[in-house]
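# Examination of the molecular architecture
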Amino acid sequence: MAEKPADSRKNLKNRTKLVHAGRKPSEQSGFVNTPIYRGSTVLFPTLDDLLNRRMPFTYGTQGSPTTEALQTAWTELSGAKGTVIVPTGLAAIAIALLAVVKAGDHILVSDSVYRPNRNFCDTILKRMGVETTYYEPLIGAGIEALIRPNTSVIFLETPGSQTFEVQDIPAIVAVARAKGICTILDNTWATPLFFQAHAHGVDISLEAGTKYLSGHSDLLLGLVTANEVWYPALHATYDAFAMCPGPEDVFLALRGMRTLELRLNEAQRQGLAMAQWLGGRKEVLKVLHPALPSCPGHEIWKRDFLGSSGLFSILLAPCSQQALAAFLDGLELFGMGFSWGGFESLVIPFDCKTYRTATPWAPQGPALRFSIGLEDIEDLKADLAAGFERMHATP
Ligand SMILES: *Cc1c(COP(=O)(O)O)cnc(C)c1O
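Residues numbered from 1 in each chain as written. Predicted model: local features only at pLDDT ≥ 70, side-chain atom pairs only at ≥ 80, totals over all residues. Heavy atoms only, no water.

### Comments concerning the state of the cysteines
- All chains considered together, the criterion is met by zero disulfides.
- Of the cysteine sulfurs around Cys121, a residue in no disulfide, the closest is that of Cys182, at 13 Å.
- For Cys121, a relative accessible area of 1% gives the class buried.
- Left without a disulfide partner, Cys319 is nearest to the cysteine sulfur of Cys352, which lies 17 Å away.
- For Cys319, a relative accessible area of 28% gives the class partly exposed. (Disulfide = S-S within 2.5 Å. Buried < 20%, exposed > 50% of the residue type's maximum accessible area, 1.4 Å probe, protein only.)

### As for the side chain of Asp111
- Secondary-structure assignment places Asp111 in the loop between β2 (106–110) and α5 (115–127).
- On the accessibility criterion, Asp111 (0% relative accessible area) is buried.
- Within the local environment of Asp111, its side chain forms a polar contact with the backbone nitrogen of Thr359, the two atoms lying 3.0 Å apart.
- Apart from the residues lying within four places of it in its own chain, the contact partners of Asp111 are Arg118, Tyr134, Tyr135, Pro137, Arg356, Thr357, Ala358 and Thr359. (Helix = DSSP H or I, 4+ residues; strand = E, 2+ residues; numbered from the N terminus. Polar contact = N/O pair within 3.5 Å; in protein donor to acceptor, adjacent residues only side chain to side chain. Contact = heavy atoms within 4.5 Å.)

### Quick notes on helix α10 (residues 260–279)
- Compared with the 28 Å implied by 1.5 Å per residue over 20 residues, the 28 Å span of α10 between its first and last C-alpha is a close match.
- Considered for burial, the residues of α10 that qualify are Leu260, Glu261, Arg263, Leu264, Ala267, Gln268, Gln270, Gly271, Met274, Ala275 and Leu278. (Expected span 1.5 Å × (residues − 1).)

### Focus: the pairing of strand β6 (residues 204–208)
- Burial within β6 is extensive, with five of its five residues counted as buried.
- Of the two faces of β6, the one holding Ile204, Leu206 and Ala208 and the one holding Ser205 and Glu207 are both buried throughout.
- When strand β5 (residues 182–186) meets β6, the two strands line up parallel, connected through three bridges. The residue bridging Leu185 from the neighbouring strand is Ser205, located in β6.
- Examined bridge by bridge, β6 and strand β7 (residues 222–226) share five bridges and lie antiparallel to one another. When the sheet's bridge partners are listed, Ala208 is paired in β7 with Gly222. (Pairing = 2+ DSSP bridges.)

### Structural notes on the site of the ligand
- Around the ligand sit 14 residues in total, of which Gly89, Leu90, Asp186, Thr210 and Lys211 are the nearest.
- A distance of 2.6 Å separates a nitrogen atom of the ligand from a polar atom in the side chain of Asp186.
- Thr210 places a polar side-chain atom, nitrogen or oxygen, 2.5 Å from an oxygen atom of the ligand.
- Here the ligand has 380 Å² of accessible area as a free molecule, and 90% of this is covered by the chains.
- A total of three residues in the shell around the ligand trace back to one element, the largest contributor, which is helix α4 (residues 89–98).
- By residue class, the composition of the shell around the ligand is six nonpolar, five polar and three charged. (Near = heavy atom within 4 Å. Areas by Shrake-Rupley, 256 points an atom, 1.4 Å probe, with all protein chains shown as cover. Nonpolar A, V, L, I, M, F, W, Y, C, P; charged D, E, K, R; others polar.)

### A few points about the pattern of salt bridges
- With the rule as written, the count across this model stands at 21 salt bridges.
- Taking the shortest distance from any N to any O, the salt bridge between Lys302 and Glu299 comes out at 3.8 Å. Taken together, the positions of Lys302 and Glu299, both in helix α11 (residues 298–304) and three residues apart, correspond to about one turn of that helix.
- Between Asp304 and Arg303 there is a salt bridge, with the nearest N and O atoms lying 2.8 Å from each other.
- Residue Arg303 is classed as partly exposed on the basis of its relative accessible area of 49%.
- Within this structure, Asp111, Arg118, Glu165 and Arg356 form a network of salt bridges that share partners. (Salt bridge = Lys/Arg side-chain N within 4 Å of Asp/Glu carboxyl O.)

Structure representation (structure tokens):
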């Protein structure tokens, strides 16, 4: 079998790219998978080779065949100029922002971003002299009114963490492009399979590989892609930090990537089935799932996205803390814990009241976020139904 060069893979479907991209069996004794290269030092045969850095890889922080395999594949899948990989999703956010901002800048960040992103902006960037304004995620083209002469970044996340507002990316990108502002998107929920960030005009897109790319809750990783304009700055910033991930984590991410489409399609099926079932329960006031009409921005999701993953939220009718605890503590299949996108189902309560600044968050009762895993859906429903019974039995 001849290996298809990257160029000739351009017209292949994503499913096929996920299987073939970033593999070179002929360079590894025919074995299917790229092995784990561990190492700092790379040896140069001659002085001339060393002085001219004439080796495919030059030092551990500069990449290895293992990291290159993931970068190549993710770049192809994302339709980007290039990818850098870092140890966590939060590091991906940090590197993306630091690639663009400088002292004296102002940035616009969605009020619905992953909460530690706000912490980075409110502490590190503030200390560097960068001012952050949080914007209402449904603002669309109205974002123009918030732009100042020194605005350098619009940081988007769609759908929003926990609250799932779907943003009008093309409208915001059009404003940003006209003003020479860089757009950065946290695309973790959709992945490049369900939302093609760069094709929608986004400059820099990032993925917490910790979630669906891993798919098994056993690693942390961040991937940042950029278009032609921004890749040089992104790569230079990565280089300055040498914030490289460990080779085992990259290997596991590559392994996860081969089945990403399969798992995402199943997450979509399971997530929708569960969201619809919960929507029919009398205890649930509202379901925040981008593929359902009750979600703010659902029409935009329908227009721009290619699918929905298995993460969504619900708003419950008011109940006591004890009743909520009775529901959650007795669950036998749903785990309670942070992160998501693994094979196992999770649920956590959340409350944005204390930190959202652009839009008040005032649901009537508690809010829960679900990550639906690969268990049988009827078993999952029975677990939750028993939880609702415990809830009703608790004053
Ligand atoms: C989890 C998450 C991150 C951060 O990923 P880590 O690897 O846990 O640092 C970033 N963005 C979103 C939307 C996330 O859900």
